[in-house]
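Report on the structure
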Amino acid sequence: MRLPPALLAALLLIPLVPQAVSAGPVAPPSPAVRDFGNGPERNEVAADVPERADALAATQSEQAERPGTLSHERGYPRRTRLPVPPENPADASIKLGLVPHHGIAPRLNDLQQRGDRVSAQVIGHSYGGRDLYLVTVTAPESAAETREQERIRERIENDPAAAARDRKLVKRYKAPVFVNANIHGNEWEGTDAALRVIEELATSKDPRIADLLARTRLYFNITANPDGRVNGVRQNGAGFDLNRDFVTASQPEVRAMRQIMIDAQPVTMIDLHGYVNGTLIEPTTPPHGANYEYDLFIQNTYANGLGMEAAVNGLGYTAEKDGVYPAQIPFRDSAEGWDDWPPIFTPQYAPFHGAVAAHTVEIPLRVNGSDYTQQPVEELRRRSAINTDVAAAAIRATYAFVRDRHDRLIADQIEVFRRGAAGEPSRTVPLGIVPGFGPEDVYTTTFPRAYVITGRRSQAAAARLVDHLIANDVRVERARHAFRADGRTYPAGSYVVDMRQPKRGLANVMLEAGADISPRVDAMYDISGWSHGLLWGAGVDGVTSLRVQADPVKTAAPTGSVPRTPGALALKVSDAKDVLALNDLLAQGTAVTWADGAAVVPASARAAARAVSERYGVVLTPAGTASGVPLSRVRIAAAASADELFTLRELGFAVTPVSTAVLNAGYDWSGTDVLFVSSGLSYTALNPAAKAALDAFLTTGGVITRGGTGATFNAAAGLLTATAVAGRGDANGVVRVLSTGGQVGGGSPDHSFVYSPRWFTGLGPEVTVEQSYAAEGPLVSGHWRPDADGTGGQDAARGQAAVVSGRDERGAAVVLFGTEPMFRNHPKGLFPQVARALYWASSVTGAAVKG
Ligand SMILES: [Zn+2]
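Residues numbered from 1 in each chain as written. Predicted model: local features only at pLDDT ≥ 70, side-chain atom pairs only at ≥ 80, totals over all residues. Heavy atoms only, no water.

1. Considerations on the overall build of the protein chain
Within the protein chain, the secondary structure is distributed over 28 helices and 33 strands. The C-alpha radius of gyration computed for the protein chain amounts to 27 Å, which stays within 12% of the reference 29 Å derived for 851 residues, consistent with globular compactness. With the C-alpha coordinates aligned to their principal axes, the bounding extent of the protein chain is approximately 80 × 65 × 55 Å. Among the 851 residues that make up the protein chain, the fraction classed as buried is 63%. In the form shown here, the protein chain has an accessible surface area of approximately 28,700 Å², with 53% of it arising from carbon and sulfur atoms. Computed over 84 positive and 90 negative side-chain charges, the inter-centroid distance for the protein chain is 6 Å. (Helix = DSSP H or I, 4+ residues; strand = E, 2+ residues; numbered from the N terminus. Rg over C-alpha atoms; globule rule 2.2 N^0.38 Å. Buried < 20%, exposed > 50% of the residue type's maximum accessible area, 1.4 Å probe, protein only. Areas by Shrake-Rupley, 256 points an atom, 1.4 Å probe, with all protein chains shown as cover. Lys, Arg positive; Asp, Glu negative; His and termini not counted. Charge placed at Lys NZ, Arg CZ, Asp CG, Glu CD.)

Structure representation (structure tokens):
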């Protein structure tokens, strides 16, 4: 988690022991805090993240790795024999008396044999290569019955108006329910509760259970994060918080969850977390995401929330006896601080695929962090047993809710898709629709008639965005001919996202600019701004009219091209794909030069250029007479956060993680061209030998820094003359920027992303401003208020330098970022800025000097 000091203080004050709290209903921590984040924060050093060769390949094409998770050609049960991983005595679950990852497959293999209700399958692999298990529990179906269920599901999504008129449909359809467990690896017990409930359902003789399974399908993602489960940490093996990745889908576990939601189309889902005492059950506080059909969502979600609360409280655990407090519902019990604004969380993403009730559930008793290491094993196991009971109660309450509200939930899902397909305006939810729903809960948006996606900035960026939308089950078309919309002419081949479509909410939440919600709420839980439309490097326009002949596409068209005319070729680094292509050429030893933000490939390397153009879809142009400084593969030493390390590697750079400790242990700089500093490296904490070695490197090497750690490093190491000014710590979102050319800013999008923004004043004569915060705003969408003393707000940042570059007096090429160009691997359109900084720094002081 990234918490501002005030929230952090609130977090530390949350009672962990019963006697710290008075009796009676417990007020939820305010502002509420989503999870006790005991794993490393994002900005800690990520030196232990292993590199995976296939991580790069996995990001090449979302389409290529998009198998459906659910076959519709076989009936149920399917009785797959799951492969059993080798026993791992170091699995962190064992200490808690919980099932280790290697114990899951044997349990599921056994449960499949004990009746005809359970089917298990492997739906993908974690970053660390571990199996991801999806279990389907339902009454047996013939293949024909399964095909009929799929026909109905497909009709609900794609012909919702007809589905709404078909009165027999809801009677024939098995309502899909999705239970997601253990997305945070050190919040274990959802997995064990899921296995317990599956066993109950598999073996129950209760006619109500038979009735339930005849009318529903229950889908269980047994552990969404096996790497974290085994390692006892929140993140997956790549160091990513998976429950922040849904709009980006950078991680394989998230792509697997996304596919479950697309294929199963659940009407209801719960996501099992820990630990908040008393058990925290959504719905949430404001602000509420503006792209949901919130009138339908809040009614169902609140109803199931109340049902889960009753079930959890009904277990009979007490504060006095067990240290277990009554459940809390943020929507009802808190003013703000636990919101459903960004769709980066599972229950905030699922509604776009038709979930009309979706919840985070935080089970009560902490067993991770310092408790894991310091509490006696018996106490940990007592807590885990209670947590498992609580999670199981939440699952049972949810399936009972779906059984009781079966027809209405299906009808409401149909209505979500119907409104989308009809292109109806965003609805203002009536006040009092559920008790306590007030003006503070009302959020709406404006849907354009369509979005047009063009390659005017980069063809490869447009293709990436189109493939991402399609992977998210958003419909995209391609214009046959040039057309006009809102006074603008778009070329043939432009992509069109018609907003009259069932999942228009998802399309809009990604493509719209978002909103500056600073005036409306004091505190946000996590990020408040994102935008694929503004940050992914493609040209994206919302238009109010749509007259175009267009054909549906399943994948973006190829984008690469090489001119026929002979001579040297220019590769402009304006997209991540350009970076990949250039790094591929450099890895092959191609004699590339660097000039003004572009690479020049000699005529003699034409065959290699053609190959990377095809492989990555990049456009090369005639280079004319351009020449430049020789460039070789950039070797980076990175004191960076996990997402930055992942992104740099994804871009094809050679990266060695470093930290204060690594440098103090004696680091050989001879294989490094550029040092990247954003996390885990303090110049002043280096020992004399490490400092001397670093200083020697700085006479030939380059330095890129980001954020507070980077700015501090710049000052301490005496690099550029610049004073870093910190904006408010929790400010974040999409900002308008002005690029002023130079090596790094030139060709950048008009928007950037910030978290804890910084800007640079008192610039020395050696410093060039690459990019500034715009005079208007600069916040476009997100949350950015001044600090209590009036400083650090948006106004203070207006027109200030956000990214600067220069050569320090030793000759080192240095770039300072006050923005967040690689944040959680999201702002794809900003990655090239970092790459250009690296190429420039390397070409100036690395390759050129070293020859
Ligand atoms: Zn969690």
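Following the structure, the description resumes.
2. Brief notes about the environment of alanine 463
Along the chain, alanine 463 falls in helix α18 (residues 459-471). Between the alpha carbons of alanine 463 and isoleucine 453 there is a distance of 9.0 Å; along the sequence they are 10 residues apart. Leave out the neighbours within four places in its chain, and alanine 463 touches Ala556, Ala557 and Thr559. (Contact = heavy atoms within 4.5 Å.)

3. Looking at unusual backbone geometry
Negative phi characterises most residues that are not glycine, and trans characterises most peptide bonds. For the bond from asparagine 277 to glycine 278, the omega torsion is 5°, close enough to zero to count as cis. In this structure, glycine 278 sits in the loop between β5 (268-274) and β6 (280-281). Its identity is not glycine, yet aspartate 473 carries a phi of approximately 70°, on the positive side. Positionally, aspartate 473 belongs in the loop between α18 and β11 (477-479). Look at aspartate 486: it is not a glycine, yet its phi comes out positive at around 50°. Positionally, aspartate 486 belongs in the loop between β12 (483-485) and β13 (488-490). By relative accessible area, which is 42% here, aspartate 486 ends up partly exposed.

4. Considerations on the side chain of serine 748
In this structure, serine 748 sits in the loop between β27 (732-739) and β28 (751-755). For serine 748, the side chain forms a polar contact with the side chain of glutamine 833, separated by 3.4 Å. Not counting residues up to four positions away in its chain, the partners in contact with serine 748 are Arg457, Ser739, Gln771, Gln833 and Arg836. (Polar contact = N/O pair within 3.5 Å; in protein donor to acceptor, adjacent residues only side chain to side chain.)

5. Brief notes about the nonpolar core
In this structure, Leu108, Phe220, Ile222, Ile395, Ile453 and Val497 are the most contacted members of the largest nonpolar core, which totals 152 residues. In terms of residue count, helix α16 (residues 377-404) provides more of this core than any other element does, 12 residues in total. Among residues more than four places away in sequence, those in contact with isoleucine 453 are Ala462, Leu465, Val466, Leu469, Ser494, Tyr495, Val497, Ala538, Gly539 and Val540. In this structure, Ile636, Leu648, Val674 and Val803 belong to the second largest nonpolar core, which totals 59 residues. (Core = buried A, V, L, I, M, F, W, Y, C linked by side-chain atoms within 4.5 Å.)

6. Observations regarding the pattern of salt bridges
One pass over the full model with this rule turns up 53 salt bridges. Taking the shortest distance from any N to any O, the salt bridge between glutamate 415 and arginine 419 comes out at 2.9 Å. Pair noted here: glutamate 415 and arginine 419 are both in helix α17 (residues 406-422), with a separation of 4 residues, about one helical turn. Given a relative accessible area of 18%, glutamate 415 falls into the buried group. Of the charged contacts in the structure, one is a salt bridge between aspartate 584 and arginine 615, with a shortest N-O distance of 3.0 Å. (Salt bridge = Lys/Arg side-chain N within 4 Å of Asp/Glu carboxyl O.)

7. Some words on the packing of aromatic side chains
Inspection of the entire model under this criterion finds 26 aromatic pairs. Ring centres of tyrosine 292 and phenylalanine 297 lie 5.9 Å apart, and the angle between their planes is 20°; this geometry places the pair in the stacked category. Using a relative accessible area of 5% as the deciding quantity, one classes phenylalanine 297 as buried. Of the aromatic side chains, those joined through ring pairs into one cluster are Tyr292, Tyr294, Phe297, Tyr302, Phe331, Phe352 and Phe437. Its guanidinium or amino end placed over the ring of tyrosine 76, arginine 78 lies 3.9 Å from that ring's centre, counting from NZ or CZ. Geometry around phenylalanine 447 places arginine 504 over its ring, the cationic atom sitting 3.8 Å from the centre. (Phe/Tyr/Trp six-rings, centres within 6.5 Å; stacked < 30°, edge-to-face > 60°. Lys NZ or Arg CZ within 6 Å of the ring centre and 35° of its normal.)

8. Re the sheet that holds strand β21 (residues 629-631)
If you walk across this open sheet you meet the 5 strands as β20-β17-β19-β18-β21, and the pairing is antiparallel. Of all the strands in the sheet, just β20 (621-622) and β21 have a single pairing partner and so form its edges. Relative to β20, strand β17 (residues 569-572) is paired through 2 bridges, and the arrangement is antiparallel. Each bridged residue has a counterpart across the sheet, and for leucine 569 the counterpart in β20 is proline 622. (Pairing = 2+ DSSP bridges.)

9. Topic: the sheet that holds strand β4 (residues 216-221)
On the basis of which strands lie adjacent, the open sheet formed by 7 strands has the order β1-β2-β4-β3-β5-β9-β6 and mixed pairing. In this open sheet, the two strands that pair with only one neighbour each are β1 (118-125) and β6. Both β6 and strand β9 (residues 357-363) contribute to a ladder of 2 bridges, which runs antiparallel. Its bridge partner being in β9, isoleucine 281 is matched across the sheet by valine 361.

10. Here's the deal with the environment of arginine 427
Note on placement: arginine 427 falls in the loop between α17 and β10 (450-454). Distance from arginine 427 to proline 821, taken between C-alpha atoms, is 35 Å for residues 394 residues apart in sequence. Discounting residues that sit within four places of it in the chain, arginine 427 has contacts with Asp295, Glu415, Arg418, Arg419 and Thr444. Polar contacts involving the side chain of arginine 427 include one to the side chain of glutamate 424, which spans 2.9 Å.

11. Focus: helix α26 (residues 707-716)
Listed in full, the buried residues belonging to α26 are Gly707, Gly710, Ala711, Phe713 and Asn714. The buried residues of α26 all sit within an arc of 160° when viewed along its axis, so they share a single face. For α26, exposure combined with an orientation more than 90 degrees from the buried face picks out Thr712 and Ala715. Lining the buried residues of α26 we find β24 (674-677), α25 (688-697), β25 (702-706), β26 (723-726), β29 (758-761) and β33 (813-817). Phi for glycine 718, located one or two positions after α26, is positive at around 65°. (Arc of directions from axis to C-beta.)

12. A few points about the side chain of asparagine 714
Considering the arrangement of structural elements, one finds asparagine 714 in helix α26. Beyond its immediate stretch of four places on either side in the chain, asparagine 714 contacts Leu719, Leu720, Ala722, Val814 and Leu816.

13. Some thoughts on the packing of helix α7 (residues 189-203) against α16
With their axes 8 Å apart at the nearest point, α7 and α16 run at an angle of 55° to one another. As judged from the angle between their axes, α7 and α16 are oblique. Regarding α7 and α16, the two cross each other, and that crossing is right-handed. Contacts from Glu189, Gly190, Asp192, Ala193, Ala194, Arg196, Val197, Glu200 and Leu201 in α7 reach Ser384, Asn387, Thr388, Asp389, Ala391, Ala392, Ile395, Arg396 and Tyr399 in α16. Its residues assigned to classes, the contact of α7 with α16 comprises 8 nonpolar, 4 polar and 6 charged. (Axes fitted to C-alpha atoms, helices over the stretch in contact; angles between N-to-C directions. Parallel < 35°, antiparallel > 145°, perpendicular 65-115°, else oblique. Left-handed = near helix turned anticlockwise from the far one by under 90°. Nonpolar A, V, L, I, M, F, W, Y, C, P; charged D, E, K, R; others polar.)

14. Looking at the pairing of strand β31 (residues 779-783)
For β31, the buried fraction is high: 5 of the 5 residues fall into the buried class. Judged from the 4 bridges that link them, β27 and β31 form a sheet pairing that is antiparallel. Among the inter-strand pairings, asparagine 732 is bridged to a residue of β31, identified as histidine 783.

15. A word on the pairing of β4
Among the 6 residues in β4, 6 count as buried, and that is most of the element. Burial of β4 is two-sided: the residues Thr216, Leu218 and Phe220 facing one way and the residues Arg217, Tyr219 and Asn221 facing the other way are all buried. In this sheet, β4 lies alongside strand β2 (residues 131-137) in antiparallel orientation, the contact comprising 4 bridges. Bridged to valine 137 within β4 is leucine 218. Judged from the 6 bridges that link them, strand β3 (residues 175-181) and β4 form a sheet pairing that is parallel. Opposite alanine 175, over in β4, you have threonine 216 as the bridge partner.

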